[in-house]
Amino acid sequence: MELRPVSAADLTFLAEMMLLAAFPPGPLPEGASEVQHVTRWLEGWGRPGDAGVIAWHDGQRLGAAWCRVLADVLARDAEGRALPELAIAVAPEHQARGVGARLLDGLARAASDVGHTAVSLTVNARNPALRLYERAGFQVVGRDGSRLTMVKSLGAQEA
């Protein structure tokens, strides 16, 4: 498995991955791809601060992780700057094989490369992915019911 930066040719794949991340398994609700909390992740992709990576193997995309500063900022750094929010999804047939961990590592590097000092995400406290985020160095900084806001510092990245 290899990682590569997100390109304009990946936007359809990112949309598919966003739908996987945003909705539970099963049939999607009508109009799901037009819902604002889905479209905001991709509209105008490539603006300053956008960063993302695609996991692929044998010409097949396995998953994606990307981040951008959204209008409704979840978290800020110590200086008050908005932190980008992360989205990640792995195709169901490739889950539980280490793809998510590799994507998180690659995204941390990509986000750091475009000048971010940390990234944030939200996750349901009952989501099994919570353990993956904790292992990747994310820490809970806020809670709203069962929704957790987590932040990972992007200090010196390991080589």
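Being a predicted model, the structure only gives us computed values, none of them experimental.

Structural notes on the overall build of the chain
Consideration 1: Per the secondary structure count, the chain includes 4 helices and 7 strands.
Consideration 2: Written out in order from the N terminus, the α and β elements of the chain read β-α-α-β-β-β-α-β-α-β-β.
Consideration 3: Counting every position in the chain, which comprises 159 residues, the buried fraction comes to 43%.
Consideration 4: By element, 51% of the accessible surface of the chain is carried by carbon and sulfur atoms, the whole surface being about 8800 Å².

Overview of the packing of aromatic side chains
Consideration 1: Scanning the model with the defined rule gives 1 aromatic pair in all.
Consideration 2: Centre to centre, the rings of Tyr133 and Phe138 are 6.0 Å apart; their planes meet at 65°, and the pair counts as edge-to-face.

Re empty space enclosed by the protein
Consideration 1: Here the structure, examined in full by the defined rule, presents 1 cavity of 30 Å³ or more.
Consideration 2: What lines the largest cavity is simply Leu86, Leu104, Asp105, Leu107, Ala108, Val119, Ala136, Phe138, Lys152 and Leu154.
Consideration 3: Sort the elements by how many residues they give to the lining of the largest cavity and helix α3 (residues 99-113) lands first, with 4 residues.
Consideration 4: Of the residues that constitute the lining of the largest cavity, the class distribution is 8 nonpolar, no polar and 2 charged.

Section: α3
Consideration 1: Helix length check: α3, at 15 residues, gives a terminal C-alpha distance of 21 Å against a target of 21 Å (1.5 Å per residue), a fit within 8%.
Consideration 2: Among all positions in α3, only Val99, Gly100, Leu103, Leu104, Gly106, Leu107, Ala108, Ala110 and Ala111 are buried.
Consideration 3: Immediately downstream of α3, the backbone of Gly115 shows phi near 100°, a positive value.

Comments concerning the nonpolar core
Soluble, globular proteins show a tendency: their nonpolar side chains are buried together.
Consideration 1: In terms of nonpolar packing, the biggest core is built from 28 residues, with Leu86, Leu103, Leu104, Leu107, Tyr133, Phe138 and Met150 touching the most fellow members.
Consideration 2: Among the elements of the structure, β2 (51-57), β3 (60-68), β4 (85-90), α3, β5 (118-124), α4 (129-135) and β7 (147-153) are those that each provide at least two residues to this core.
Consideration 3: With 7 residues, α3 is the single largest residue contributor to this core.
Consideration 4: Setting aside residues up to four positions removed in sequence, Leu104 forms contacts with Leu86, Ile88, Leu132, Tyr133, Ala136 and Phe138.
Consideration 5: Judged by nonpolar contacts, the second largest core, of 14 residues, contains Leu42, Trp45, Ala64 and Ala87.

Quick notes on helix α1 (residues 11-22)
Consideration 1: Over its 12 residues, α1 extends 16 Å from the first C-alpha to the last, a length consistent with the 16 Å expected when each residue adds 1.5 Å.
Consideration 2: Those residues of α1 lying buried are Phe13, Leu14, Met17, Met18 and Leu19.

Section: the side chain of Ser120
Consideration 1: For Ser120, the location among the structural elements is in strand β5.
Consideration 2: Non-local contacts of Ser120, meaning those with residues more than four positions away in its chain, are made with Leu74, Ala75, Leu83, Pro84, Glu85, Leu86, Met150 and Val151.

Notes on the side chain of Lys152
Consideration 1: Among the structural elements, Lys152 can be located in strand β7.
Consideration 2: Despite its burial, Lys152 pairs with no opposite charge; the closest candidate is Asp105, at 5.3 Å N-O.
Consideration 3: Not counting residues up to four positions away in its chain, the partners in contact with Lys152 are Ala108, Thr117, Ala118, Val119, Ala136, Gly137 and Phe138.

Considerations on the pattern of salt bridges
Consideration 1: The tally for this structure, following the rule as stated, stands at 4 salt bridges.
Consideration 2: Linking Arg61 and Asp10 is a salt bridge whose minimum nitrogen-to-oxygen distance equals 3.0 Å. With Arg61 in strand β3 and Asp10 in the loop between β1 (2-5) and α1, this residue pair connects regions lying 51 residues apart in the sequence.
Consideration 3: The class for Arg61 is partly exposed, based on a relative accessible area of 33%.
Consideration 4: Between Asp50 and Arg47 there is a salt bridge whose closest N-O contact spans 3.7 Å.
Consideration 5: With relative accessibility at 10%, the residue Asp50 sits in the buried group.
Consideration 6: Each member of the salt-bridge network shares a partner with another, and the members are Arg4, Asp10 and Arg61.

Rules of the game
Residues numbered from 1 in each chain as written. Predicted model: local features only at pLDDT ≥ 70, side-chain atom pairs only at ≥ 80, totals over all residues. Heavy atoms only, no water. Helix = DSSP H or I, 4+ residues; strand = E, 2+ residues; numbered from the N terminus. Buried < 20%, exposed > 50% of the residue type's maximum accessible area, 1.4 Å probe, protein only. Areas by Shrake-Rupley, 256 points an atom, 1.4 Å probe, with all protein chains shown as cover. Phe/Tyr/Trp six-rings, centres within 6.5 Å; stacked < 30°, edge-to-face > 60°. 1 Å grid on protein atoms, 1.4 Å probe; cavity = no way out; pocket = protein on both sides within 12 Å on 5 of 7 lines; lining within 4 Å. Points joined across faces, edges and corners; volume = space filled by probe spheres on them. Nonpolar A, V, L, I, M, F, W, Y, C, P; charged D, E, K, R; others polar. Expected span 1.5 Å × (residues − 1). Core = buried A, V, L, I, M, F, W, Y, C linked by side-chain atoms within 4.5 Å. Contact = heavy atoms within 4.5 Å. Lys, Arg positive; Asp, Glu negative; His and termini not counted. Salt bridge = Lys/Arg side-chain N within 4 Å of Asp/Glu carboxyl O.

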